[in-house]
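Take a look at the letters that make up each chain.
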Amino acid sequence: MDFKTDKPIYLQIVDYLCEQILQGIWKPEERIPSLRELSVTLAVNMHTVAKALSYLENRQIVSQQRGVGYFVEKDGLQRIRKMYKVEFFEKDLPNLFRKMQKLNVSIKEIVLEHKKCCT
């Protein structure tokens, strides 16, 4: 995993864990790899992984069953989508609109470019 300097490592791990759920690699109500396995896979300290899992647990995306491990919550996927949607509308979209304004790019132009590249 390539870590960026502009975002805390535990939040980058949160993004990685959420991506596994969004892609269907880890399904609702299924056990995810252990804290130890994740720290080895990601080449980070177990405490950093624990902080990321705690973050997700506080948002009811994963839950811990003592002695068994962490599991994706039944509605974890929906919670991730909601969490990222809020982030998109509060952070990403305003930045995008500022950049569009600076470059004098219209929404119509974006739609046309999207049709060219993505259909």
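Please read all numbers here as calculations on a predicted model, not as lab measurements.

A. Spotlight on a nonpolar patch on the surface. On the surface, Phe 97, Ile 107 and Val 111 cluster together to form a nonpolar patch covering roughly 280 Å² of accessible area. With respect to the helices, strands and loops of the structure, Val 111 is situated in helix H5 (residues 107–118).

B. Molecular detail of the pattern of salt bridges. Across all of its chains, the model carries three salt bridges by this definition. Residue Arg 79 pairs with Asp 75 through a salt bridge whose shortest N-O separation is 3.3 Å. On the accessibility criterion, Asp 75 (31% relative accessible area) is partly exposed. With its nearest N and O atoms 3.1 Å apart, the salt bridge here joins Glu 113 to Lys 116. Within this pair, Glu 113 and its partner Lys 116 are both found in helix H5, separated by three residues, close to a single helical turn.

Quick notes on the rules
- Residues numbered from 1 in each chain as written.
- Predicted model: local features only at pLDDT ≥ 70, side-chain atom pairs only at ≥ 80, totals over all residues.
- Heavy atoms only, no water.
- Patch = residues over 30% accessible without salt bridge, like charges linked within 9 Å, V, L, I, M, F, W, Y side chains within 5 Å.
- Areas by Shrake-Rupley, 256 points an atom, 1.4 Å probe, with all protein chains shown as cover.
- Salt bridge = Lys/Arg side-chain N within 4 Å of Asp/Glu carboxyl O.
- Helix = DSSP H or I, 4+ residues; strand = E, 2+ residues; numbered from the N terminus.
- Buried < 20%, exposed > 50% of the residue type's maximum accessible area, 1.4 Å probe, protein only.

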